[in-house]
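# Architecture and fold: a report
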Amino acid sequence: MMINGLESVMVREERSFVGGICPAMQTLESVLSEIAPTNIPVLFVGESGTGKATFAQRLHGLSSRSDQRLVNIACAAMNPSLLTAELELNGNGTAPFHDQTGPIGSVFFEEISELDAACQRNLLYALPGDGAFRRGSLSARVIAATSRNLDEEMRANRFRSELYYRINGVCLRLPALRDRREDIPILVEFFLTKHSALLSRPRPSLSARTMRLLLDHSWPGNIRELENVIRKIVALGDEQLAVSELMTAAPVERPVEISEPRAYSLKQAARAASREAERELILKALEHTRWNRKRAAQELQISYKSLLYKLKQIGVQDSETGPRG
């Protein structure tokens, strides 16, 4: 019971530990906070191990549905009948129902590009269209993640374009760990504390040589790889043995400069991210409605005049907006 309780605490702490001090992660966290209260679908894109599942948990935790269930769907293991069961849909794959464990608040589709054609078709029919819920559609918020380029998948006819536009309300890209090296010391400290507690081991202090090795490593496995290394350090109690494999890995192409984090305005970054997210939402709504501005305004839940004003703000000319509807 003690271990289970400890693991529960660490999981809750990890769900809140998804950001960092680098500008890209600060901006990402700001956008996440902006869109969390809405019901817009979110697509996380990033290399394997960059923390897409953790961000999905964070998004659900910040939403108004946080008291409901978050269901994780491992798309690579799905077939149509199993997908229907996981989503708690009825036999024809459309009408949702709630069991004794309560309603589903959010559904996280892990590596959604792994769904086969039949599963993609069933999921498409279960998702609401044109921004409005129809009877029999899945009412839970849709969160998806992929490490693949879905544009290429669509061109190769491996992923349905209709499904892509349903899940891609807002697309958030997670940077690779090699592109956010200033966050490595923070992540190291967090994982040392986490696994020392979980493994009931003394919390080690890393030498400057080991820290330099961690900073110089290319991290092809991203945060997941870093956590595995730190877990090994804690478990073995011998940091030199634990990082021996890293010592034989190819060094990064350019030396890493360690300096104080660059000064920047978080307020400015948040404002810029919010504007960019708004622009993307508007353009997606216009695409969904085939550039019918009145329908797009309804989908965005704003007035028609507000949409016209925002179109002027984001630089979309009248001739670009197609049918007026």
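As the structure is a prediction and not an experimental result, all values here were calculated from the model. Sequence order as written defines the numbering, with residues in each chain counted from 1. Totals for whole chains, interfaces and linings use all residues, but because this is a predicted model, local features are given only for residues with pLDDT of at least 70 and pairs of side-chain atoms are given and counted only at 80 or more. By convention in this description, side-chain values take in all heavy atoms of the structure and omit both hydrogens and water.

### As for the overall build of the protein chain
Filter applied, for reference: Numbering of helices and strands runs from the N terminus; a helix is a DSSP stretch of H or I covering at least four residues, while a strand is a stretch of E covering at least two. Contacts are assigned to residue pairs that have any heavy atoms within 4.5 Å of one another. All accessibility values rest on the Shrake-Rupley procedure with a 1.4 Å probe; residue burial counts only the protein chains present in the view.
Summing up its helical and strand segments, the protein chain has 15 helices and 5 strands in all. A fraction of 74% describes how many contacts in the protein chain between residues 6 or more apart in sequence connect residues 24 or more apart. Surface summary for the protein chain: the accessible area is close to 17400 Å², and the carbon and sulfur share equals 51%.

### Digging into the nonpolar core
Heads up, the rule is: Side-chain atoms within 4.5 Å are what join buried Ala, Val, Leu, Ile, Met, Phe, Trp, Tyr and Cys residues into a set we call a nonpolar core. Accessibility here uses a 1.4 Å probe with only protein chains present; expressed as a share of the type maximum, an area under 20% marks a residue as buried, one over 50% as exposed, and anything in between as partly exposed.
By size, the foremost hydrophobic cluster in this structure holds 28 residues, and its most contacted members are Ile73, Phe109, Ile112, Leu123 and Ile167. When residues of this core are traced back to their parent elements, those giving at least two are β1 (42–45), β2 (69–74), β3 (104–110), α5 (117–126), β4 (141–146), α6 (150–155) and α7 (161–167). One finds Val188, Met211, Leu226 and Val229 within the second-largest nonpolar core, a separate group that totals 21 residues.

### What to know about the confidence of the model for the protein chain
To be explicit about the condition: What pLDDT reports is the predictor's confidence in each residue, on a scale of 0 through 100.
Looking at the protein chain as a whole, its pLDDT mean stands at 80, while 75% of the residues score no less than 70. Mean pLDDT across the elements of the protein chain ranges from a minimum in helix α1 (residues 2–16), with 45, to a maximum in β1, with 97. Segment residues 91–98 is flagged for pLDDT under 50; beyond a separation of four residues in sequence, or across chains, it makes 21 contacts in the model. Note that residues 318–324 has pLDDT below 50 and, in this model, 17 contacts with residues that lie over four places away or in other chains.

### Digging into the packing of helix α2 (residues 23–35) against helix α3 (residues 52–62)
The criterion, for reference: Every axis corresponds to a line fitted to the C-alpha atoms, with the helix fit spanning only the stretch in contact, and the corresponding angles, defined between N-to-C directions, vary from 0 to 180 degrees. Throughout, the term roughly parallel applies to angles under 35 degrees, roughly antiparallel to angles over 145, roughly perpendicular to angles from 65 to 115, and oblique to all others. Crossings are sorted by hand: turned counterclockwise from the far helix by less than a right angle, the near helix makes the crossing left-handed, and turned clockwise it makes it right-handed. As a working rule, the residues Ala, Val, Leu, Ile, Met, Phe, Trp, Tyr, Cys and Pro are called nonpolar, Asp, Glu, Lys and Arg charged, and the rest polar, with Gly in that last group.
The N-to-C vectors of α2 and α3 enclose an angle of 40°; their axes lie 9 Å apart at closest approach. Classified by the interaxial angle, the pair formed by α2 and α3 is oblique. Between α2 and α3 lies a crossing whose hand is right-handed. In contact with Met25, Leu28, Glu29, Leu32, Ser33 and Ile35 of α2, α3 contributes Phe55, Arg58, Leu59 and Leu62. Considering only residue class, the contact of α2 with α3 consists of 7 nonpolar, 1 polar and 2 charged.

### Re unusual backbone geometry
Positive phi values are uncommon outside glycine, yet Asn157 reaches one of about 60°. Locating Asn157 in the fold gives a position in the loop between α6 and α7. A positive phi angle, close to 50°, is found at Trp219, a residue other than glycine. Its location among the elements puts Trp219 in the loop between α9 (208–216) and α10 (222–236).

### Considering α2
Worth spelling out the cut-off: How far a helix is expected to stretch is found by multiplying one less than its residue total by 1.5 Å.
Between its first and last C-alpha atoms α2 spans 19 Å; for 13 residues at 1.5 Å apiece the expected length is 18 Å, and the two agree. Among the residues of α2, those classed as buried are Met25, Leu28, Glu29, Ser30, Val31, Leu32 and Ile35.

### Some points on the packing of aromatic side chains
For clarity, the threshold we go by: Side-chain rings of Phe, Tyr and Trp (the six-membered ring for Trp) are treated as a pair once their centres are within 6.5 Å; stacked means planes under 30 degrees apart, edge-to-face means over 60, and tilted covers the remaining angles. Only when the NZ of Lys or the CZ of Arg is both within 6 Å of the ring centre and within 35 degrees of the ring normal is a charge said to sit over the ring.
Scanning all chains against the criterion turns up 3 aromatic pairs. Measuring from centroid to centroid gives 6.0 Å for Phe44 and Phe55, while their planes differ by 45°, and the two rings are tilted. Of the two residues, Phe44 sits in strand β1 while Phe55 sits in helix α3, which places them 11 residues apart along the sequence. Take Phe44 and Phe55: they sit in the same class, and that class is buried. Sitting above the plane of the Tyr304 ring, Lys294 keeps its charged end 5.8 Å from the centroid.

### Focus: the packing of helix α14 (residues 293–300) against helix α15 (residues 304–313)
It is the contact of α14 with α15, at a shortest axis distance of 9 Å, that shows an interaxial angle of 100°. It follows that α14 is roughly perpendicular to α15 by the angle criterion. Note on element contacts: α15 touches α14 through Tyr304, Leu307, Leu308 and Leu311, opposite Arg293, Lys294, Ala296, Ala297 and Leu300. For the contact of α14 with α15, a count of residues per class yields 7 nonpolar, no polar and 2 charged.

### Topic: the pattern of salt bridges
Operational definition: Only one rule defines a salt bridge in this text: a Lys or Arg side-chain nitrogen within 4 Å of an Asp or Glu carboxyl oxygen.
All told, the structure shown has 10 salt bridges when counted by the stated rule. A salt bridge links Glu153 to Arg158; the shortest N-O distance between them is 3.0 Å. Judged by its relative accessible area of 49%, Arg158 is partly exposed. The network of salt bridges with common partners includes Glu114, Arg148, Glu153 and Arg158.

### A look at the sheet that holds β3
The criterion, for reference: A pair of strands is considered paired only if DSSP assigns at least 2 bridges between the two.
Pairing is parallel across the open sheet formed by 5 strands, whose spatial order is β2-β3-β4-β1-β5. Whereas interior strands pair on both sides, the edge strands pair on one side only; in this sheet they are β2 and β5 (170–173). Going across the sheet, the axis of each strand differs from the next one's by a mean of 20°, ignoring polarity. Docked against the sheet, α2 engages β1, β4 and β5, running at close to 155° with respect to β5.

### Describing the environment of Pro202
Mapping Pro202 onto the fold places it in the loop between α8 (184–198) and α9. Taking the C-alpha atoms as reference points, Pro202 and Val234, separated by 32 residues in sequence, lie 7.6 Å from one another.

### Re the state of the cysteines
Counted only if it meets this: Cysteine sulfur atoms that come within 2.5 Å of each other are treated as a disulfide pair.
Considering all chains together, one arrives at 0 disulfides under this definition. Just so you know, Cys75 is unpaired, no disulfide at all, and the nearest cysteine sulfur is the one on Cys119, 8.2 Å from it.

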